[in-house]
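Structural overview for review
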Amino acid sequence: MSGFSIDWLDLREDADRRARDSSLREQALQWLTGEGRSASAPLVVDLGAGTGSTLRALGGSGQQRLNWRLVDHDQTLLEEARRRHGATHVVEACVADLSPVEALPLAGARLVTASALFDLVSSGFVESLATVLKDQCRQSPVGLYAALNYDGATLWTPPHPLDEPVLQAFNRDQRTDKGFGPALGPQAGPVMEAQFRRAGFEVYTAVSPWVLGATDQGMVSALIDGIASAVAGSSGLDSGALRDWVRFRHDHAATGTCTVGHTDLLVLPGRG
Ligand SMILES: C[S@@+](CC[C@H](N)C(=O)[O-])C[C@H]1O[C@@H](n2cnc3c(N)ncnc32)[C@H](O)[C@@H]1O
């Protein structure tokens, strides 16, 4: 089971905002206003919504009226989303487990969105979601905008000899079950692209790396601790060497850099 704190989601949000590919974001917004949409404000269903970062990324500017259905199993995060946006946006909060895909509250959606979610899910989840969205397209066209899927690449400066073994151990941990069966981890982007294409959708992809430097020291420190806790006890990683790596990384958190690879995907109904 995953647990994401408001503090961690807040810490990463600025880096997420900078990382998102702006062309795909614009294309997603165009899809919401384009051909085939109903006369009323389009409905966006955000899966794994947390405190509403996708709403802020897509709808925060208020350029167009969007109705939001935020879905998450964490009631505290959804209450925070409602506290932040309930007065300015049409927001429906649904506390639900996402894993039974057929039960997802997608009815009426013009766009399904997710940020930093699909590396947690399994290949079976993606396959089922592609089928469900394909079926839904028979009633009314629906797209999917899935941003910030971790791609397995992390590059630190200055370098340290343990960077590569730590990354390999971290990427192995990323594949473990996060509540949906074996997680896709770094394979999320390629698997989504293949499965949605197979289901007949058009898929657009772009890279969206976190590029972290001096202004991100708080986030980098939390990232170092998160990585260390994920890899602690991994076979082949000596605990003393890992402590040295953590110390070295914290010592350079304010002056070094860290680049973490992600991909964004926009999935739209095929023309056929
Ligand atoms: C990495 S956080 C991303 C949150 C938000 N989209 C953002 O970008 O700030 C993943 C989110 O998925 C939610 N989540 C994880 N597993 C879930 C599940 N099985 N059912 C519902 N929500 C889940 C978590 O509670 C968390 O809010």
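Small disclaimer: the values here were computed from a predicted structure and weren't measured.

Here we take up the site of the ligand. What surrounds the ligand is a group of 18 residues, the closest being Gly48, Ser53, Asp72, Asp97 and Leu98. Between a nitrogen atom of the ligand and a main-chain N or O atom of Gly48, the distance comes to 2.8 Å. A distance of 2.9 Å separates an oxygen atom of the ligand from a polar atom in the side chain of Ser53. For the shell around the ligand, the per-class residue count stands at 9 nonpolar, 6 polar and 3 charged.

On to the packing of aromatic side chains, then. All told, the structure shown has 6 aromatic pairs when counted by the stated rule. Measuring from ring centre to ring centre gives 5.9 Å for Tyr150 and Phe170, while their planes differ by 70°; the resulting arrangement is edge-to-face. Here the residue Tyr150 occupies a position in strand S5 (residues 143-157), and Phe170 occupies one in helix H6 (residues 163-174), the gap between them amounting to 20 residues. Classification of Phe170 by relative accessible area gives buried; the value is 14%. With 5.6 Å between their ring centres and 75° between their planes, Phe196 and Phe201 make a pair best called edge-to-face. Taken together through their ring pairs, the aromatic side chains of Phe118, Phe125 and Phe180 make up a single cluster. Cation over ring: Arg110 sits above Trp31, and NZ or CZ is 3.7 Å from the ring centre. The cationic tip of Lys134 hangs over the ring face of Phe201; the distance from NZ or CZ to the ring centre is 5.3 Å.

Quick look at the environment of Val203 now. Residue placement: Val203 occurs in strand S6 (residues 201-207). We classify Val203 as buried; its relative accessible area is 8%. Residues Val203 and Pro269, spaced 66 residues apart in sequence, show a C-alpha to C-alpha distance of 8.8 Å. Other than its neighbours up to four places away in sequence, Val203 contacts Glu193, Phe196, Arg197, Leu265, Leu266 and Val267.

Ranked by internal contacts, the top residues of the largest apolar core, which has 50 residues, are Trp210, Leu223 and Trp245. At 7 residues, helix H8 (residues 217-231) tops the list of elements feeding residues into this core. Setting aside anything within four residues of it in sequence, one finds Trp210 in contact with Trp8, Arg12, Ala15, Asp16, Ala19, Met219, Leu223, Cys258, Thr259, Val260 and His262. Grouped together as the second largest cluster of nonpolar side chains are 36 residues, Leu47, Val132, Leu184 and Phe196 included.

Turning our eyes to something else, we now look at unusual backbone geometry. Pro158 follows Thr157 through a cis peptide bond whose omega is -10°. Tracing the chain through its elements places Pro158 in the loop between S5 and H6. Positioned with a positive phi, Ala116 is a non-glycine residue whose angle comes to about 55°. By the secondary structure assignment, Ala116 is in the loop between strand S4 (109-115) and helix H5 (123-137).

Definitions and limits used
Residues numbered from 1 in each chain as written. Predicted model: local features only at pLDDT ≥ 70, side-chain atom pairs only at ≥ 80, totals over all residues. Heavy atoms only, no water. Near = heavy atom within 4 Å. Polar contact = N/O pair within 3.5 Å; in protein donor to acceptor, adjacent residues only side chain to side chain. Nonpolar A, V, L, I, M, F, W, Y, C, P; charged D, E, K, R; others polar. Phe/Tyr/Trp six-rings, centres within 6.5 Å; stacked < 30°, edge-to-face > 60°. Helix = DSSP H or I, 4+ residues; strand = E, 2+ residues; numbered from the N terminus. Buried < 20%, exposed > 50% of the residue type's maximum accessible area, 1.4 Å probe, protein only. Lys NZ or Arg CZ within 6 Å of the ring centre and 35° of its normal. Contact = heavy atoms within 4.5 Å. Core = buried A, V, L, I, M, F, W, Y, C linked by side-chain atoms within 4.5 Å.

Keep in mind these values describe shape, not function.
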